[in-house]
Structure formats: structure tokens, C-alpha cells
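# Fold and geometry: a report
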Amino acid sequence: CGDCTACCEGWVEDRIEIGSKVIEMRPGKPCEHCTGEGCAIYEERPTDPCRVFNCAWLLNEADFPDEMRPDRCGAIVLVDRPWKTWDVVQAMPVGPEIPIDTLESLRRFTQEKNIPLVFYERETVDGRFTGGGRQRAYGSAEFASAVKNHVTASDMVRF
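Residues numbered from 1 in each chain as written. Predicted model: local features only at pLDDT ≥ 70, side-chain atom pairs only at ≥ 80, totals over all residues. Heavy atoms only, no water.

Counting through the fold element by element, R134 comes out in strand β6 (residues 128-139). Measuring from C-alpha to C-alpha, the distance between R134 and E121 comes to 5.2 Å, with 13 residues separating the pair along the chain. (Helix = DSSP H or I, 4+ residues; strand = E, 2+ residues; numbered from the N terminus.)

This is the structure in C-alpha cells:
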């Protein structure tokens with residue numbers, strides 16, 4: 001991951017069990033072992049999620065070059081994610097929302113691959129993350145029809 005610690009900073013919500021200890025991560029609450037430059041327990045880190053988690057940038061250098069590293073592009077991108085009956089690309093912001101240029105790159109990428117994009121915007125109040133937010137999507141007319149009860153019409157954009 002190099003210097004990227006976006007997933008450890010809580011941008012991907014998770015609950016980690018290390019022995020009898022539980023660590024909960026969420027926006028605004030990073031893993032307690034995240035130093036900002038890496039993991040303080042890297043050699044002893046747990047298998048799930050720490051050793052097995054891979055964002056798209058780690059998995060697919062051809063489609064996700066260095067500028068798509070989460071801490072650089074402002075989004076943690078996950079590919080081949082199940083969402084209802086569809087395989088989608090998911091994108092979670094590293095911060096309140098995904099930068100417009102990153103979102104546009106992801107929209108073009110998913111349109112070219114004919115894969116829906118599901119992305120998130122986080123809610124903040126007085127600069128603090130509330131745990132709420134909006135789920136939005138880009139996709140084909142078929143995808144829009146399939147998810148109309150899960151993503152509101154105003155949040156769904158067709159390719």
C-alpha cells in the first residue's frame with residue numbers, strides 16, 4: 001500500500017477482532033494501530049480484514065494507476081462487488097465526498113465496461129461525520145430499474 005492508509009483511517013467501516021480485543025473503525029475513528037504512515041502492528045495484523053482487503057488500486061494496475069491510489073484520488077474503489085443481483089464498482093470517499101474529477105473518471109470507466117457504479121457521500125454536522133449519508137449510482141436503464149427502490153430516482157443517473 002505504500003504510504004496509503006485510507007482504509008485504516010476508517011473510510012471503510014469495519015470491526016476488527018484481535019484476540020479478545022475489538023477495534024471499530026468508521027469515518028472520524030481510524031484503527032488505533034494506524035500511525036498515519038502505516039500500521040504499528042503490521043507484522044501481527046489480523047487476517048480479516050487487514051491482510052485480505054484489497055482495493056481496486058492494489059488489484060488492477062492497468063485500470064487503476066497510481067493517481068487512483070485512495071489517498072491521492074479521494075476514494076477507495078472496490079471492484080466486482082455484489083449489490084443485489086448486480087456486480088458493481090463501489091466507491092467510498094476518503095472524506096465527506098468523492099472529488100468530482102475522480103467521480104468522473106470512475107463514471108467513464110464503469111460506462112466503458114458497462115458496469116454500474118455505486119458511490120457514497122458522507123453526512124457531516126459541524127465537521128463531524130454522523131454515520132449517515134447518501135448512496136448514489138450511475139448505470140444503465142436496466143440497472144436503474146433494478147435499483148429504483150434502493151436508490152432514489154434523483155440519485156440515479158443513467159450512462
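Before going further, it helps to spend a moment on the environment of F143. Relative to the helices and strands, F143 is located in helix α6 (residues 141-147). Put simply, F143 and P116 are 27 residues apart on the chain and 7.1 Å apart in space, counted from C-alpha to C-alpha.

Once that is clear, we can look at the nonpolar core. In terms of nonpolar packing, the biggest core is built from 15 residues, with F64, V77, A91, L106, L117 and F119 touching the most fellow members. If you list the elements that add at least two residues to this core, you get β3 (75-83), β4 (86-93), α5 (100-113) and β5 (117-125). Sorting elements by how many residues they give to this core places α5 first, with 3 residues. The next biggest cluster of nonpolar side chains, apart from the first, holds 9 residues, and it includes A6, V12, C55 and W57. (Core = buried A, V, L, I, M, F, W, Y, C linked by side-chain atoms within 4.5 Å. Buried < 20%, exposed > 50% of the residue type's maximum accessible area, 1.4 Å probe, protein only.)

As a further point, take α5. The end-to-end C-alpha separation of α5 is 20 Å, in line with the 20 Å expected for 14 residues at 1.5 Å each. Those residues of α5 that are buried are in contact with α4 (70-73), β3, β4, β5 and β6. In the segment just after α5, N114 is the residue with positive phi, at about 55°. (Expected span 1.5 Å × (residues − 1). Contact = heavy atoms within 4.5 Å.)

Before going further, it helps to examine unusual backbone geometry. In this structure, P49 follows D48 across a cis peptide bond, with omega equal to 5°. With respect to the secondary-structure elements, P49 resides in helix α2 (residues 47-51). Backbone geometry at N114 places phi at a positive 55°, although glycine is not the residue there. Here N114 lies in the loop between α5 and β5. Look at D126: it is not a glycine, yet its phi comes out positive at around 55°.

Moving on to the packing of aromatic side chains. By the definition in use, this model includes 5 aromatic pairs. An angle of 55° between the planes, with centres 5.9 Å apart, marks the rings of W83 and F143 as tilted. With a gap of 60 residues between them, W83 in strand β3 and F143 in helix α6 connect regions that are remote in the sequence. As far as the burial class goes, W83 and F143 line up, both buried. Within the aromatic cluster, the residues linked to one another by ring pairs are W83, W86 and F143. Looking at R45, its charged tip hangs above the ring of Y42, at a distance of 3.8 Å from the centre. (Phe/Tyr/Trp six-rings, centres within 6.5 Å; stacked < 30°, edge-to-face > 60°. Lys NZ or Arg CZ within 6 Å of the ring centre and 35° of its normal.)

Applying the stated rule across the entire model yields 7 salt bridges. We note a salt bridge from K21 to E32, for which the minimum N-O separation is 2.3 Å. With a gap of 11 residues between them, K21 in strand β2 (residues 21-25) and E32 in the loop between β2 and α2 connect regions that are remote in the sequence. For the salt bridge of D71 with R69, the shortest nitrogen-to-oxygen distance reads 2.6 Å. (Salt bridge = Lys/Arg side-chain N within 4 Å of Asp/Glu carboxyl O.)

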